[in-house]
Each structure stands twice: as structure tokens, then as C-alpha cells.
Amino acid sequence: MFTREYCLDLLKEHTKSDSLLKHAFAVETCVIAYAHKHKADVNFWGNAALLHDFDYEMFPDANQHPFEGAKILEQKGFDKEFIDTVLSHADYTGVPRDTLLKKVLFACDELAGFITAVAYVRPNKTVLEVEVKSVVKKMKDKAFAKNVSREDIKKGAEELGIPLEEHIRFCLDAMKENHSILGI
């Protein structure tokens, strides 16, 4: 099992963009909160979230990301379960989301990014000012954070079997609790 420190070093080796690093930390925050809720392996879940997009800066195209990252993880000695979890966060990889962790990672990925975008338009640019109703309202505005898939956000909550607002609340609460580390 790899430590968070090792995974963080790997993330920083391949990701220089501050916004992508913050995204990794936001997704990690949400996934770890779900790991605690389900009494799962916090280290494994958190590391998968931390590294889910670590190759994106180098390989942003869908024919490369996260496939190139999976190759790197395999070379580094990560096991198949971990690699498949990372691959499963993108529908187009064809890797089924057949574990709770895979469903949680998918569900938290786009939502964490969207919550961050909502925070950046608040007066003090902090997640502490964001409310569930603000997130839901902004999801209806197609021009806002237009690269974030609303369908994936909705699908993520559906795959978890929880109402969308409940999922938003859960992730928002986790991000608020960790706001100083996330920098928002």
C-alpha cells in the first residue's frame, strides 16, 4: 500500500497547475468523507482520488487520459484494483464502476470541480459561502462552468442511490470542513 505522501509526490511530479492540484485535493476531500461514512480504507480511497487526474496535464486528450496515467501507475507498482478505480472515473474507458469506491470517485469528480467554480463567484471566493441551493441553481445555467458535465453530476448521485441535493450537501460539507487546506 502506498502512502499519501508517495501519491502526493507522484501527483506533484506530473501536475504543476495550481487549479488541477486544487481539484485533486477537493475530490480527495469528498472521497475521504465517503470513505469515513462507509468505514472503508481511507488511505486507498483518498489516494485513488488524489491520483485520478494526475496525468491530465500531460495527456489531456480522451484517447490518452487516464490511459497514460494507468500505464505510469502500473510501472510504479500500483495494483489492478487501484488502476481500474482511476480508469473508471471516465465513462469512455469502458471500465465498469462495480465497486462503491468507483461510484464515489465518479460521483465526486465533476461535483467537486463544480462546487469550486461556484465558490469562486461568491463575494469572498470561499466555499464557506456556498449553499446547496446555489449549486443547484448554477447547474441550470449552461454558460456557467460549461466544461463541467451536469449529466455526470446527476449520474454520479444516481449511481450512489442518493438524491442529488443530498450528495451535493455531503460533498459541500466535506469541502467546507477542509476549506483552508483546499484554499477556497
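Since we're looking at a predicted model, the values are computed, not measured. (Residues numbered from 1 in each chain as written. Predicted model: local features only at pLDDT ≥ 70, side-chain atom pairs only at ≥ 80, totals over all residues. Heavy atoms only, no water.)

J.: Now, about the overall build of the chain: what can you tell me, with residues and values included?
T.: Secondary structure assignment for the chain yields 10 helices and zero strands. For the chain, the succession of helices and strands along the chain, N to C, is α-α-α-α-α-α-α-α-α-α. For the chain, whose C-alpha radius of gyration is 15 Å, the value lies close to the compact-globule estimate of 16 Å for 184 residues. When the backbone C-alpha atoms are referred to their principal axes, the chain occupies close to 45 × 35 × 30 Å. Each of the 184 residues in the chain was classed as buried or not, and the buried ones make up 51%. (Helix = DSSP H or I, 4+ residues; strand = E, 2+ residues; numbered from the N terminus. Rg over C-alpha atoms; globule rule 2.2 N^0.38 Å. Buried < 20%, exposed > 50% of the residue type's maximum accessible area, 1.4 Å probe, protein only.)

J.: With reference to specific residues and values, describe the nonpolar core.
T.: Of all hydrophobic cores here, the largest spans 60 residues; its most connected members are L11, V31, L51, L73 and M175. The leading source of residues in this core is helix α6 (residues 100-120), at 12 residues. If we ignore the near neighbours within four places in the chain, the residues touching V31 are W45, A49, L101, V104, L105 and C108. (Core = buried A, V, L, I, M, F, W, Y, C linked by side-chain atoms within 4.5 Å. Contact = heavy atoms within 4.5 Å.)

J.: Please give an account of the packing of helix α5 (residues 80-88) against α6 that cites residues and values.
T.: Two elements in contact, α5 and α6, have axes whose closest approach is 9 Å; the angle formed by their N-to-C orientations is 35 degrees. For the crossing formed where α5 meets α6, the hand is right-handed. Listed contacts from α6 to D84, T85, V86 and S88 of α5 are L101, K102 and L105. The residue inventory of the contact of α5 with α6, partitioned by class, reads three nonpolar, two polar and two charged. (Axes fitted to C-alpha atoms, helices over the stretch in contact; angles between N-to-C directions. Left-handed = near helix turned anticlockwise from the far one by under 90°. Nonpolar A, V, L, I, M, F, W, Y, C, P; charged D, E, K, R; others polar.)

J.: Summarise the packing of aromatic side chains; cite the residues concerned and give the values.
T.: If you walk through the whole model with that rule in mind, you get eight aromatic pairs. With centroids separated by 5.4 Å and ring planes inclined at 90 degrees, the aromatic side chains of F44 and F82 adopt a geometry described as edge-to-face. Remark: F82 occurs in helix α5 and F44 occurs in helix α3 (residues 42-51); sequence separation between them is 38 residues. Assessed through its relative accessible area of 9%, F44 is described here as buried. For F82, a relative accessible area of 3% corresponds to the buried category. Among the aromatic residues, ring-to-ring pairing joins F2, Y6, F44, F78 and F82 into one connected group. The ring of F106 has R97 sitting right over it, with the charged end atom 3.6 Å from the ring centre. (Phe/Tyr/Trp six-rings, centres within 6.5 Å; stacked < 30°, edge-to-face > 60°. Lys NZ or Arg CZ within 6 Å of the ring centre and 35° of its normal.)

J.: Provide a residue-level description of the pattern of salt bridges, including the pertinent values.
T.: Applying the stated criterion across every chain, the model contains 11 salt bridges. Among the ionic pairs, K102 bridges to D98, the shortest N-O distance being 2.8 Å. For D98, a relative accessible area of 52% translates into the label exposed. Notably, a salt bridge pairs E151 with K154, separated by 3.9 Å at the nearest N-O pair. In this pair, E151 and K154 are both assigned in helix α8 (residues 150-160), three residues apart and thus about one turn of the helix distant. Given a relative accessible area of 55%, E151 falls into the exposed group. Connected through salt bridges with shared partners, the residues D91, R97, K155 and E159 form a single ionic network. (Salt bridge = Lys/Arg side-chain N within 4 Å of Asp/Glu carboxyl O.)

J.: Hey, could you go over the state of the cysteines for me, with residue numbers and the actual values?
T.: All chains considered together, the criterion is met by zero disulfides. Summary of cysteine pairing: C108 is not part of a disulfide, and the nearest cysteine sulfur, belonging to C171, is at 3.9 Å. (Disulfide = S-S within 2.5 Å.)

J.: So, the environment of V42: which residues are in play, and what are the values?
T.: Relative to the helices and strands, V42 resides in helix α3. Expressed as a C-alpha distance, the spacing of V42 and I32, which sit 10 residues apart in the sequence, is 5.7 Å. V42 has contacts with I32, A35 and H36, leaving out every residue within four places of it along the chain.

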